[in-house]
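Here's the letter readout for the chains.
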Amino acid sequence: MNKILELRQLTKHYGAVQALRGVDVVVYEGEVLAICGDNGAGKSTLIKVVSGAHPMTSGQLLLSGRAVRWASPHDALSNGVATIYQDLALAPRLTVWQNVFLGAELRRRVLPGLSVLDKRCMRAQTAHYLERLNQDIDDVDRPVSDFSGGQRQAVAIARALRWQARIVIMDEPTAALGVKETARVLALIQQLKSEGVTVLLISHNMEDVVHVADRVVILKAGRVAAQGPVLGLRPASLAQAIMTGQWPQLPATA
Ligand SMILES: Nc1ncnc2c1ncn2[C@@H]1O[C@H](COP(=O)(O)OP(=O)(O)O)[C@@H](O)[C@H]1O
Ligand SMILES: [Mg+2]
């Protein structure tokens, strides 16, 4: 399996607070990797460093084997690392397609030195991304505020696809959602995976993790306490592992 992302001895200090204390994580291409841990374990800090929102204090970040140092979230995004923030960073009054292309609109030249927004192309591409995600958002001209939480999540992911994201990072994507909408977001994650997109999922919900993740990394006080494959784990034993920092022993099969 190809390593798409590697964190080597990553540290992040906020003044005297050592949020990450030497984290080594390997992320394989096309997997769904869950990052779990108690409040304050360093999960959000980890993804802020990977997404370019915060500089690391020390250590290395390797993208497909190449050491990178992001100058900004936009820098990470244009290198295929997209982050879906908890608030989704959508503009509710703008249409679906305007949100997908926000800040990076497509233009077409009408005369030498004169270009206009290529709305037709942006509408069509938006519809195409949503189709890829199996989303039934029929009208990309409606404002985002018309749609449900799970559908908004899909719009945010469509925006990641617009940037040809190879890694999509999601911080607690189902935290504010009901059962049906949660199922929609889990299906979105599976759809991304089926397209070969790598997903980093931060989640407190062990049912969700067991449902969609291939592997789990457990952080505790800024360090990797345990990690392993999800296959065969029950949500309760994963919750236990987060508390103890020990990978659960699977019962021996007869
Ligand atoms: N901007 C910040 N300034 C100072 N301390 C911070 C900041 N962000 C997080 N921390 C501290 O870093 C530690 C890890 O926090 P965080 O990464 O948010 O953990 P988690 O997402 O796992 O709950 C905590 O002790 C938290 O209080
Ligand atoms: Mg957090």
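To keep things clear, this report deals only with the structure shown in the data block. (Residues numbered from 1 in each chain as written. Chains lettered and ligands numbered in written order. Predicted model: local features only at pLDDT ≥ 70, side-chain atom pairs only at ≥ 80, totals over all residues. Heavy atoms only, no water.)

1. Observations concerning a nonpolar patch on the surface
Condition: For patches, a residue must show more than 30% relative accessible area and have no salt bridge; joins then use 9 Å for like charges and 5 Å for nonpolar side chains, namely Val, Leu, Ile, Met, Phe, Trp and Tyr. Computed with a 1.4 Å probe, the accessible areas rest on the Shrake-Rupley method; for each residue, only the protein chains presented here act as cover. Any carboxyl oxygen of Asp or Glu within 4 Å of a side-chain nitrogen of Lys or Arg constitutes a salt bridge here. Under the DSSP-based scheme used, a helix requires at least four consecutive residues in state H or I and a strand at least two consecutive residues in state E, with every element numbered from the N terminus. To sort residues, take the accessible area from a 1.4 Å probe on protein chains only and compare it with the maximum for the residue type: under 20% means buried, over 50% means exposed, and anything in between is partly exposed.
A cluster of nonpolar side chains, namely Val110, Leu111 and Leu114, defines an oily patch on the protein surface of about 260 Å² accessible area. Residue placement: Val110 occurs in strand β7 (residues 107-111). Its relative accessible area of 40% is what places Val110 among the partly exposed residues.

2. As for the nonpolar core
Test applied: For our purposes a nonpolar core is just a set of buried Ala, Val, Leu, Ile, Met, Phe, Trp, Tyr and Cys residues, chained together by side-chain atoms within 4.5 Å. We call two residues contacting when some pair of their heavy atoms lies within 4.5 Å.
Counting residues in each nonpolar core, the largest one holds 52 residues, and the members touching the most others are Ile84, Val96, Val168, Met170, Ile189, Leu192 and Val216. In terms of residue count, the dominant contributor to this core is helix α5 (residues 149-162) (seven residues). In this view, Ile189 contacts Val32, Met170, Val199, Leu201 and Val212; residues no more than four positions away in its chain are not counted. Counting residues in hydrophobic clusters, the runner-up holds 28 residues, among them Ile35, Leu46, Ala76 and Ile167.

3. Thoughts on helix α4 (residues 119-132)
Which entries qualify depends on this criterion: The span you would expect from a helix comes to 1.5 Å times its residue count less one. The reported arc concerns the directions from the helix axis to the C-beta atoms and nothing else.
The first and last C-alpha atoms of α4 sit 20 Å apart over 14 residues, in line with the 20 Å expected at 1.5 Å per residue. Those residues of α4 not exposed but buried are Met122, Thr126, Tyr129 and Leu130. Angularly, the buried residues of α4 cover 95 degrees about the axis, an arc narrow enough to put them on a single face. Along α4, the residues that are exposed and aim more than 90 degrees away from the buried face are Arg120 and Glu131. In this fold, the buried residues of α4 make contact with α3 (96-100), β8 (114-117) and α5.

4. Thoughts on the pattern of salt bridges
By the definition in use, this model includes nine salt bridges. For Arg8, the salt bridge goes to Glu6, with nearest N and O atoms at 3.2 Å. By relative accessible area, Arg8 is classed as partly exposed at 36%. For Glu6, a relative accessible area of 13% puts it in the buried group. Two residues, Glu195 and Arg132, come together in a salt bridge whose shortest N-O distance is 2.7 Å.

5. As for the sheet that holds strand β5 (residues 66-68)
Our working rule: Should DSSP find at least two bridges between two strands, the strands are regarded as paired. Between the N-to-C directions of two axes lies an angle of 0 to 180 degrees, each axis being a line fitted to C-alpha atoms and, for a helix, fitted only over the stretch in contact.
What the four strands build is an open sheet, ordered β2-β1-β4-β5; its pairing is antiparallel. With partners counted over all chains shown, the strands left at the sheet margins are β2 (17-28) and β5, one partner each. On average, adjacent strands in this sheet sit at an angle of 25 degrees to one another, irrespective of strand direction. With five bridges joining them, strand β1 (residues 3-14) and strand β4 (residues 58-63) adopt antiparallel strand pairing. Each bridged residue has a counterpart across the sheet, and for Leu7 the counterpart in β4 is Leu61. Against the sheet, helix α1 (residues 43-50) touches β1, β2 and β4, its axis set at about 115 degrees to β1.

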